[in-house]
Number of protein chains: 2
Amino acid sequence: MMSFLKCTRSALGIWQIQSSWIKKRVWLETTAVLPHACSVCSSVRWKSTAANQEKEANYQFCNARWRQMVLGVITGTGAILAYGLYRKQEAEPKPETSVDSEAQQSYPVYTRQDVAKHKTMESGIWVTYKSDVYDITNFVELHPGGDKILLAAGGALEPFWSMYAVHKQEHVYQILEEYKVGELSPEAAQEACDVTDPYGKDPLRHPVLKVNSLKPFNAETPAEILTENYLTPNDLFFIRNHLPVPEVDPKKFSLEIKGEGLKSIQLSLRDLQTKFPKHTITATLQCAGNRRSDMNAVREVKGLNWGSAAIGNAKWTGVKLSDVLEYARLPANTDAKHVQFEGLDKDISGTPYGASIPIRKALAKDGDVLLAFEMNDEILSRDHGFPLRLVVPGVVGARNVKWLSKIIVSKEESKSHWQVNDYKGFSPSVDWNTVDFTTAPAIQELSIQSAITSPSKDERLSSDLDEITVKGYAWSGGGREVIRVDVSMDGGQTWHVADLSEMKQNEGQAWAWKLWELTVPMPKDEKSLEIISKAVDNQYNVQPDTVAPIWNLRGVLNNSWSRVNVTIK
Amino acid sequence: MMSFLKCTRSALGIWQIQSSWIKKRVWLETTAVLPHACSVCSSVRWKSTAANQEKEANYQFCNARWRQMVLGVITGTGAILAYGLYRKQEAEPKPETSVDSEAQQSYPVYTRQDVAKHKTMESGIWVTYKSDVYDITNFVELHPGGDKILLAAGGALEPFWSMYAVHKQEHVYQILEEYKVGELSPEAAQEACDVTDPYGKDPLRHPVLKVNSLKPFNAETPAEILTENYLTPNDLFFIRNHLPVPEVDPKKFSLEIKGEGLKSIQLSLRDLQTKFPKHTITATLQCAGNRRSDMNAVREVKGLNWGSAAIGNAKWTGVKLSDVLEYARLPANTDAKHVQFEGLDKDISGTPYGASIPIRKALAKDGDVLLAFEMNDEILSRDHGFPLRLVVPGVVGARNVKWLSKIIVSKEESKSHWQVNDYKGFSPSVDWNTVDFTTAPAIQELSIQSAITSPSKDERLSSDLDEITVKGYAWSGGGREVIRVDVSMDGGQTWHVADLSEMKQNEGQAWAWKLWELTVPMPKDEKSLEIISKAVDNQYNVQPDTVAPIWNLRGVLNNSWSRVNVTIK
């Protein structure tokens, strides 16, 4: 525990890089050094080997209708951007600083904290791109994408631009250059380390994240942008920490594997990366408490008040747990029933976070359980488990142990608090006086889920609109594929079938969510709409209609219909 | 098709045996010859090797509370039976026929059809036990179990006595003997064969079955007795036929195995029974249309109007499909994706019933897919697939092909009508004008299900009762174990957790249902109750609240909450 106290700093959700000088447009290197947010106090270094932005997978939408829609949106936005550029040229005098002269110009230097103070029209809207600082206050009203630009206020543009690929055009960079007002400070943290705070060494996070708890840090993607991209950008991916984020020296890192019928072995990161075939999957992770706020609205529950974005979808690269267990000579006829995991994150008594999964899942040929070191082609960030995390596709987030340090093959489940006395479901009749955690199984594979991300709750829509578009995500645990999403515009009286993004996934290995959307004529003569989504997976599991009958004291497993009420004015 | 026409007879749900002389108390031999219901026209003979009644597995209720309840019920019923005997002796003069003199007495001989005519108090209530006929009209009001005895009226007592084991006592046999009025005819069918009816050779069935369709024959267990026994007695097990029941000579029977990467082979019944290890599982089979009547109540659907008893649970014995495919040298690295099956039941054009399952399920070590020749330790009856059927535990009934004759390993799904244009689920918005069967996957593993079997719908209960007991079943597909059943007595406002029968099942292989019950104080000052059950499986899949949102044009997959309205008088 003491190691946490060497160097601490308050982590107020401010986006800051405190490592050595970062060159312009070297975003990936920026990401790669993120693990060392408190570099003054740490000698840890980790050289990025991750692929660059250009390598981002260009996922194909196989469903022709969906593809056409997406192409339409992109083409349309491109046209609007060009128009935005034209309007900008009309509205403003030629800037004094030309692109050509930029190299010669000297700019003031700002920290990320300085930038974070400029989030309102009053203070000015500042953003960063790579190592530069821009004051885009005057561009806001010209932005073809409207208010959405404000999501980046006080922080980095990159995660949004990886969502809205239309920005990656030369003329957009040119527009941006014209608003440059400074450069990011290359220096380390200027704040004093707070040696009394175990969370003082937590990394800084993107300010757009919706924070549910600071210590431990728990935050979700803003729902309105969650489904803009099939792959959730790393910096926008929901963060669910149970304890302070450990600082790990990757050179000294060692993974221990032991247990039932095994000789204990230790593997370094280099061992993992060189002794085993690399394997990549795309998988959705969902917190058991996703959509808990709807349960809280029924009756108070214990837990973080998550909205509907404690879920995200990413490419994970690492090695297969089954390969590593084979290497550790796990006997084929083992009578072990579970594989336990421990993280490097520890509570004040030194007890680590822990979890286990059934050995059936760990060894299943098509189980795809990974020891992952990359997320969306980048080195794992500290918040997502640097340098190594478990990814158990199809299984609740809580078993996807981050900062993985120990693997123990066993006849028993993990004895961890989070395995035996948490993350379980109960009848609505069970309260904290009557609950008996031994009567319920630990949550593993999750059930069918869907949520509406647009329009947002209590949104006001104009009755002049001809059409209304509803968007969201749908996912099911256990590798079950989502086959249909039904959407109702009238509180469940009638239903429409939404268009699904079609990413090819093998049977039983549909680990990734599907995004969906539906456009229907705007209902006439209605003053309000109750919009509902419900999904069906390939085993025809369906979502229950209402929250109250699945209410449980921990507020987990809310997969009731997603409901959004909108007003028409 | 012509072979069906050689010998036919109307099959009106009358229970009849037309084989050679059946000795007294030789119930199992009786069952064994059932495949030859039309023996005048058939030379088929099949010697029973099945275990006798005494071998019936004595399943242990592991949950102590449940066990105590069951023991209580049995003990209580035993006492009541003794009282019933006493009352009978008081009420009636000594019968002239004593048990001792029975051997010398000569009785009239009746056919099963004769017996079936005596089902009312007016005509007299006749039943059979083994090869004897009893007129129990005067015993009905003395029967400790009340009206339930009338379920056997016109038919055999055996399936009920295997449910209510308390009857298997010497003094019960003695009571019964006193009502003997005749013996069953040893002779063959006296009715003329109807050569024009393809269903003319269908077997006779127990008259207690609730018939949904005669040709093809489809009938379910009366709901009120469905959950009296963990194993559903064979003669009361729901029957779902798509076509006439084929007549099969077991000596000539041959199973063909062929397809992708295989050399075609043929296996006789003897080959199957001698070349492969025998394997027994207990598994629940459920028709996709179970509980369709509740969907019909919302809006008319196409399909048999099943109640909640198109489901049953049995012990199945046979050989593993995976062993047989290995014997047929299926390559380990096969690129086949499906295993197709054909039955010997054929439509008028000669097209057989067919289905397929994913090869993942067929080859899974713990998949337990069986080629079964025994059901509850008896040779399969003709209605349940004699001599060989597929049992795919955890998967919808429709893929459990009966009268199995062909296995085809393939890259493709079965092209059978029932695979591609039936047994699929759709949105409530899809009707027969808009349906596109290619857009939905064939139903395989079923979702979580439960139903209330007692009290029955619209039952009237006395407000004088101190307590009310609710009973039912719960099951989930895919080997997922039912972990909880919630019961509401007030239309879903509050919930109680029911007691579950606990049969030990391996993780991922929970193929069998759980019976459940709940006893609560009778709600006071209520004139009616809406009783609800909803179950949860070990992946926390839950049942949806209502029927309408999962309504589909074929009326399949109704797993909404089970609701029973009762009146309190």
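Keep in mind the model is a prediction, meaning the values are calculated, not measured. (Residues numbered from 1 in each chain as written. Chains lettered and ligands numbered in written order. Predicted model: local features only at pLDDT ≥ 70, side-chain atom pairs only at ≥ 80, totals over all residues. Heavy atoms only, no water.)

**Student:** I keep staring at the packing of aromatic side chains and nothing clicks. Help me out?
**Tutor:** Aromatic ring pairs: the centre-centre distance and the angle between the two ring planes describe each pair. Within this structure, the stated rule accounts for 24 aromatic pairs over all chains. Residues Phe276 of chain A and Tyr327 of chain A carry aromatic rings whose centres are separated by 5.1 Å and whose planes lie at 75° to one another, so their mutual orientation is edge-to-face. You can see Phe276 of chain A sitting in the loop between α7 (269–275) and β11 (279–286) and its partner Tyr327 of chain A sitting in helix α9 (residues 321–327), a full 51 residues away along the chain. With a relative accessible area of 38%, Tyr327 of chain A lands in the partly exposed category. Note on Tyr473 of chain B and Trp513 of chain B: the rings are 5.5 Å apart at their centroids and 20° apart in plane angle, and the pair reads as stacked. Within this pair, whereas Tyr473 of chain B is found in strand β21 (residues 467–475), its partner Trp513 of chain B is found in the loop between β24 (499–500) and β25 (514–521), the two being separated by 40 residues in sequence. Note on Tyr473 of chain B: relative accessible area 0%, which makes it buried. Connected via pairs of aromatic rings, a cluster forms that spans Phe237, Phe238, Trp306 and Trp316 of chain A. Directly above the ring of Phe217 of chain B sits Arg205 of chain B, whose terminal nitrogen or CZ lies 3.8 Å from the centroid. (Phe/Tyr/Trp six-rings, centres within 6.5 Å; stacked < 30°, edge-to-face > 60°. Helix = DSSP H or I, 4+ residues; strand = E, 2+ residues; numbered from the N terminus. Buried < 20%, exposed > 50% of the residue type's maximum accessible area, 1.4 Å probe, protein only. Lys NZ or Arg CZ within 6 Å of the ring centre and 35° of its normal.)

**Student:** It is not clear to me how the environment of Leu226 of chain A should be interpreted in this structure. Could you clarify?
**Tutor:** All names here are of chain A. Its location among the elements puts Leu226 in helix α6 (residues 223–226). Here the alpha-carbon distance between Leu226 and Gly354, two residues 128 residues apart in the chain, equals 29 Å. In this structure Leu226 touches Thr221, Ser308, Ala309, Ile311, Thr453, Tyr473 and Trp513, once residues within four positions along its chain are discounted. (Contact = heavy atoms within 4.5 Å.)

**Student:** How should I be thinking about the relation of the copies chain B and chain A in this particular structure?
**Tutor:** Superposition of the two copies of the chain requires a rotation about an axis together with a shift along that axis. For these two chains of identical sequence, chain B goes onto chain A by a turn of 180° and a shift of 0.0 Å along the axis, with RMSD 0.1 Å. Overall, the copies show the geometry of a two-fold rotation axis. Within chain B, Pro544 of chain B has its C-alpha nearest the rotation axis, a separation of 2.0 Å. Mapped onto chain A, 100% of the interface residues of chain B again fall at the interface, so both copies present the same surface. (Least-squares fit on C-alpha atoms with pLDDT ≥ 70 in both.)

**Student:** What is the right way to read the sheet that holds strand β1 (residues 109–110) of chain B from this model?
**Tutor:** Residue and element names in this part refer to chain B. Reading across the sheet, the 5 strands line up as β1-β5-β4-β3-β2 and stay open at both edges, with mixed pairing between neighbours. Of all strands in the sheet, those bounded by a partner on one side alone are β1 and β2 (119–120). Pairing of strand β4 (residues 132–135) with strand β5 (residues 180–184), which is carried by 3 bridges, proceeds in the antiparallel orientation. Bridge pairing in β5 links Val133 to Gly182. (Pairing = 2+ DSSP bridges.)

**Student:** Looking at this structure, how should I read the sheet that holds β21 of chain B?
**Tutor:** Strand pairing within a sheet occurs via backbone hydrogen bonds; the two strands may be parallel or antiparallel. All names here are of chain B. Sheet architecture is open: 4 strands sit in the order β19-β21-β25-β24, paired in antiparallel fashion. Of all strands in the sheet, those with a lone pairing partner are β19 (449–454) and β24, marking the two edges. Here 8 bridges tie β21 to β25, and the two strands are oriented antiparallel to one another. For Lys471, the partnering residue across the bridge sits in β25 and is Glu517.

**Student:** Would you take a moment to explain the pattern of salt bridges for this structure?
**Tutor:** Between side chains of opposite charge, pairing is possible as soon as their charged atoms come close. One pass over the full model with this rule turns up 51 salt bridges over all chains. Put simply, Arg291 of chain A and Asp294 of chain A hold a salt bridge, and the shortest N to O gap is 3.8 Å. The exposure class assigned to Asp294 of chain A is partly exposed, which follows from its relative accessible area of 22%. The salt bridge involving Asp132 of chain B is made with Lys180 of chain B; its shortest N-O contact spans 3.2 Å. Highlighted residues: Asp132 of chain B in strand β4 and Lys180 of chain B in strand β5, separated in sequence by 48 residues. (Salt bridge = Lys/Arg side-chain N within 4 Å of Asp/Glu carboxyl O.)

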